[in-house]
Number of protein chains: 2
Amino acid sequence: MTSAKPMGPIPPEFAGQDVLTIAGRTAGDWASEAGDTPLFVYDFGIVAARIARLRAALPGEVEIHYAIKANPFAPLLEAIAPRVGGLDVASAGELAKALAVKPAAHISFAGPGKRDAELEAALRAGATINLESEGEADRALAIGLRLGIAPRVAVRVNPDFELRGSGMRMGGRASPFGIDSQRVPDLVRRLLAENADWQGFHIFGGSQSLDSAAIVEAQAETVKLAAALAQRVGRVPPLVNLGGGFGIPYFAGDAPVDVEAIGAALGEALASRPPGLDDSRFAIELGRWLVGEAGVYLTRIVDMKESGGETFYVVDGGLHHQLAATGNFGTVVRRNYPVAVAARMQARPAGTISVVGPLCTPLDRLADRAALPEAQVGDLVAVFLAGAYGATASPSAFLGHPPARELLANGRNS
Amino acid sequence: MTSAKPMGPIPPEFAGQDVLTIAGRTAGDWASEAGDTPLFVYDFGIVAARIARLRAALPGEVEIHYAIKANPFAPLLEAIAPRVGGLDVASAGELAKALAVKPAAHISFAGPGKRDAELEAALRAGATINLESEGEADRALAIGLRLGIAPRVAVRVNPDFELRGSGMRMGGRASPFGIDSQRVPDLVRRLLAENADWQGFHIFGGSQSLDSAAIVEAQAETVKLAAALAQRVGRVPPLVNLGGGFGIPYFAGDAPVDVEAIGAALGEALASRPPGLDDSRFAIELGRWLVGEAGVYLTRIVDMKESGGETFYVVDGGLHHQLAATGNFGTVVRRNYPVAVAARMQARPAGTISVVGPLCTPLDRLADRAALPEAQVGDLVAVFLAGAYGATASPSAFLGHPPARELLANGRNS
């Protein structure tokens, strides 16, 4: 028998269970409620606990923002909105979703390639546009002039440093995101001269970093950069969005970020900040860290088969719903997410088993030669860490299978 | 200036053009007809020419099948259906699309993890079920018994060889696809004993191979394997699906497969086939090769920006419509698809330029530091090789942008 490939860590809220239970109900109960498999269940209790923990760790002048691209499921968004200071969106579609649950003054719109219609929608609503280029600034100003609305804008800064250990670097080099920092003061002065309603800076060094020291360092650098820019502009930025970048542990050997250490260090950095930022508010913008561990993707075994001495559990869910778990989205080397047989999480492994989806492509593999217990057709398999970049970040139309169901647990009572 | 990264070859039908013209109309005309960008245009004339060329190259007893997962756009499917011998589907959703344009007797349904409801739909319609495991055979027989229908089935064989040079290997090792060849005769005997309507074998060694000699070799091996299995079963398989696997050139240095050489070699292999296959029909099943080069993804420049000395064309299309072109689907190393400024395909490069989409993620890059000519906001950029595994194989809901439009060119007149 070949040796098993490791899986990532099951989130602490589920790790010790024998029968997988989400917000007090078993996986089987959730599948019954959904009416069919596969399904995503998002436990809002876990999200609320993450928000509360982060709130306690962060200095008082730092808001928490939710980047809704991580998971825009409407009931989840509605539950999160009152508990965070702001929502960050990246399209007109996301803007509409955010406006349904949060006042425009607490919504900001980032992303390169905003179209005129998108800028107009944001302007009319009164959301903050995070400008990604001088050209976009020109267009926003022109549309504002036409509409008779002073555009509410922040400037996204491409910093000259990067978040070390980041799964996706967004700073420290030529980038489609933001405006190179040395050109930012000129742009802000122009915005002020044209009577734009300038809201401050958005500075984002990277995402999915598990290196707490690197996050601390990037935040300190970001505060310094914002102060330097503010000084050159000669104005206090009302809000400095420090970005986010907190990762979650997906793979074997990954460890979570130390949110309390990060919060404490940020407190020190802000306590000693230059006077130009005295009256600024700050924001940490997170998506994945808030919701990623709260989601479970449940899929049912349709067939079990043996081939070439290996065992396959063939399930009804796969890459059309959970592309990232199959290693086909933003990762170079395929590694196993945490996966379990939902009703027997503590059972002894029966061997090295691959969990494959129903798509007629070898890419559709949710677990590769993992140590999993015995199971039978009809059993539920849980794929953890499905709360962020799951349902919407997957090619749902691929091969013509139905979309996954999505359910929010604890949405009303917590 | 950094040196440009190469792009793949523009398909011959478009390569020599100055203003990109698809089926006699310019890219700009197509964008106007669509009403907005981004859009996919599929030139059915190119598909028809591929089918005709393949038809001329293949021996008469070999049918051409279209694997609709490559592109299930309904008008395209309707145009292809009368020109091919069969349609291959991989879900109940695809089955319904195929049944709208082709009699069930010419439809086969492959894929692991078919659910009972899917087997029942295929049984009722009279489509051929390509059985992927003994367990699936049991379920199909039981459902047939319940419905009083003899299930029309073929057996998918996991061959003990693989298609060399294949982008996606599906044979030669433990696999979720098909039944290991040594177990196939027992299964076929059981199917016959239970009065199933046995249709033959489906043997698929891999896909996206550009190695014509390897395809020739795999086809010869497949014929041999089918003959050996037929002999052990003691029955003539009505149809032997030899699989497909013809790749198309996506990247610099790629060369197309030699269809005429493959057809000639297959003719020889069939001419000398063992008598057990004398009365069999054969099929070559292709998706990508038939439609991939016929599609162009058109997207408009929304912004142009400079950062860190590099130039970015920011377009309104991206990985939410064309995931594979951004290197995030089934490829390990990101390489450039062929990309052009649609109205100036022969213009001199203005430098090394990256084409990035509107999604707020560094993954959204359609061309990385490619040699592209000058352009301006509003110009159309064409991404070629967008006819297969494009719109449906991309995470269309990611970040809340609208879906791409799809148009069929030459659909009625050719």
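Criteria and thresholds
Residues numbered from 1 in each chain as written. Chains lettered and ligands numbered in written order. Predicted model: local features only at pLDDT ≥ 70, side-chain atom pairs only at ≥ 80, totals over all residues. Heavy atoms only, no water. Helix = DSSP H or I, 4+ residues; strand = E, 2+ residues; numbered from the N terminus. Buried < 20%, exposed > 50% of the residue type's maximum accessible area, 1.4 Å probe, protein only. Contact = heavy atoms within 4.5 Å. Areas by Shrake-Rupley, 256 points an atom, 1.4 Å probe, with all protein chains shown as cover. Least-squares fit on C-alpha atoms with pLDDT ≥ 70 in both. Domains from an automatic or database assignment. Buried area = accessible area lost by both parts, 1.4 Å probe. Salt bridge = Lys/Arg side-chain N within 4 Å of Asp/Glu carboxyl O. Polar contact = N/O pair within 3.5 Å; in protein donor to acceptor, adjacent residues only side chain to side chain. Nonpolar A, V, L, I, M, F, W, Y, C, P; charged D, E, K, R; others polar.

A.B. asks: Just to check I follow, could you spell out the overall build of chain A for this structure?
C.D. replies: Within chain A, the secondary structure is distributed over eleven helices and 21 strands. Its C-alpha atoms put chain A at 70 × 40 × 40 Å along the principal axes. Counting only residues that meet the buried cut, chain A has 62% of its 414 residues in that class. Sequence separation of at least 24 residues holds for 74% of the intrachain contacts in chain A that already meet a minimum separation of 6. Looking at chain A as shown, the accessible area adds up to about 14,100 Å², and 51% of this sits on carbon and sulfur atoms.

A.B. asks: Teacher, can you tell me more about unusual backbone geometry here?
C.D. replies: Most peptide bonds take the trans form, and the phi angle of most residues other than glycine is negative. A cis amide bond, omega -5°, links threonine 37 of chain A with the succeeding residue proline 38 of chain A. Turning to its location among the elements, proline 38 of chain A is positioned in the loop between α2 (27-34) and β3 (39-43). In this model, asparagine 195 of chain A sits at a positive phi of 65°, which is unusual for a non-glycine residue. With respect to the secondary-structure elements, asparagine 195 of chain A resides in the loop between α8 (184-193) and β11 (197-203). The backbone of leucine 399 of chain B shows a phi angle near 70°, a positive value even though the residue is not glycine. Its place among the elements puts leucine 399 of chain B in the loop between β20 (380-384) and β21 (405-409). Assessed through its relative accessible area of 2%, leucine 399 of chain B is described here as buried.

A.B. asks: Looking at this model, I keep getting lost on the relation of the copies chain B and chain A. Mind explaining?
C.D. replies: Put simply, the second copy of the chain is the first one after a rotation about an axis and a shift along it. For the pair chain B and chain A, the superposition axis carries a translation of 0.0 Å, the fit reaches an RMSD of 0.0 Å, and the rotation angle comes to 180°. On this basis, the relationship between the two copies can be described by a two-fold rotation axis. If distances are taken from each C-alpha of chain B to the rotation axis, the shortest is found for proline 395 of chain B, at 2.0 Å. Same-surface contact between copies: 100% of interface residues of chain B are shared with the interface of chain A.

A.B. asks: In this structure, what is going on with the domain arrangement of chain A? I would like to understand it.
C.D. replies: Frequently, the measure chosen for interface size is the accessible area that the parts lose on association. Residues and elements named next belong to chain A. Partitioning chain A into domains gives domain 1 (21-42 + 293-409) and domain 2 (72-286). Taking only C-alpha atoms, the centre of domain 1 and the centre of domain 2 are 34 Å apart. With twelve residues of domain 1 at the interface, the matching set in domain 2 holds nine residues. At the boundary of domain 1 with domain 2, total buried surface from both sides reaches about 1,100 Å², with 73% on carbon and sulfur atoms. Summed over the three residues of domain 1 that lose the most area to domain 2, namely Arg335, Leu385 and Leu408, the buried surface amounts to 39% of that side. Where domain 1 meets domain 2, there are zero salt bridges. Here domain 1 is connected to domain 2 by zero residue pairs in polar contact (both at pLDDT 80 or more). Per-element tally for the side of domain 1 that touches domain 2: the top contributor is strand β21 (residues 405-409), with three residues.

A.B. asks: What am I meant to see in the pattern of salt bridges here?
C.D. replies: Close approach of charged atoms lets side chains of opposite charge pair. All names here are of chain A. Going through the model one piece at a time under the given rule, you end up with 50 salt bridges over all chains. The salt bridge partner of arginine 189 is aspartate 186, with a shortest N-O separation of 2.9 Å. Of this pair, arginine 189 and aspartate 186 are both found in helix α8, three residues apart, which corresponds to roughly one turn of the helix. Given the relative accessible area of 35%, arginine 189 is considered partly exposed. Each of the salt bridges in this network shares a partner with another, and the network as a whole consists of Lys5, Arg365, Asp368 and Arg369.

A.B. asks: I keep staring at the side chain of asparagine 130 of chain B and nothing clicks. Help me out?
C.D. replies: Structurally, asparagine 130 of chain B can be placed in strand β7 (residues 128-131). Leaving out residues up to four positions away in the same chain, asparagine 130 of chain B has contacts with Ser108, Phe109, Ala110, Lys114, Glu136, Ala154 and His202 of chain B.

A.B. asks: What is the right way to look at the interface of chain B and chain A in this model?
C.D. replies: Each side of the interface is counted separately: chain B has 68 residues, and chain A has 68 residues. Summing both sides of the interface, chain B and chain A together bury roughly 5,000 Å²; the carbon and sulfur share of this comes to 60%. When the area that chain B buries against chain A is broken down by residue, the three leading residues are Arg115, Lys305 and Cys360 of chain B, summing to 12%. The residue aspartate 316 of chain B makes a salt bridge to arginine 115 of chain A at a minimum N-O spacing of 3.5 Å. Joining chain B to chain A, the criterion identifies 30 residue pairs in polar contact (both at pLDDT 80 or more). Elements that contribute at least two residues to the side of chain B that touches chain A include exactly α5 (92-99), α7 (134-147), β8 (152-158), β9 (166-169), β15 (295-307) and β16 (310-315) of chain B. Counting residues per element, the side of chain B that touches chain A draws most heavily on β15 of chain B, which supplies five residues. Of the residues belonging to the side of chain B that touches chain A, the class tally is 28 nonpolar, 20 polar and 20 charged.

A.B. asks: Would you take a moment to explain the environment of proline 72 of chain A for this structure?
C.D. replies: All names here are of chain A. With respect to the helices and strands, proline 72 occurs in the loop between β4 (62-67) and α4 (74-80). For the pair proline 72 and alanine 391, spaced 319 residues apart in sequence, the C-alpha separation works out to 9.5 Å. In this structure proline 72 touches Leu77, Lys97 and Thr392, once residues within four positions along its chain are discounted.

A.B. asks: Quick question: what am I supposed to make of the side chain of arginine 365 of chain A here?
C.D. replies: In this structure, arginine 365 of chain A sits in strand β19 (residues 365-372). Setting aside chain neighbours within four positions, we find arginine 365 of chain A in contact with Phe312, Ala325, Thr326, Arg334, Ser354, Val355 and Val356 of chain A together with Pro176 of chain B.

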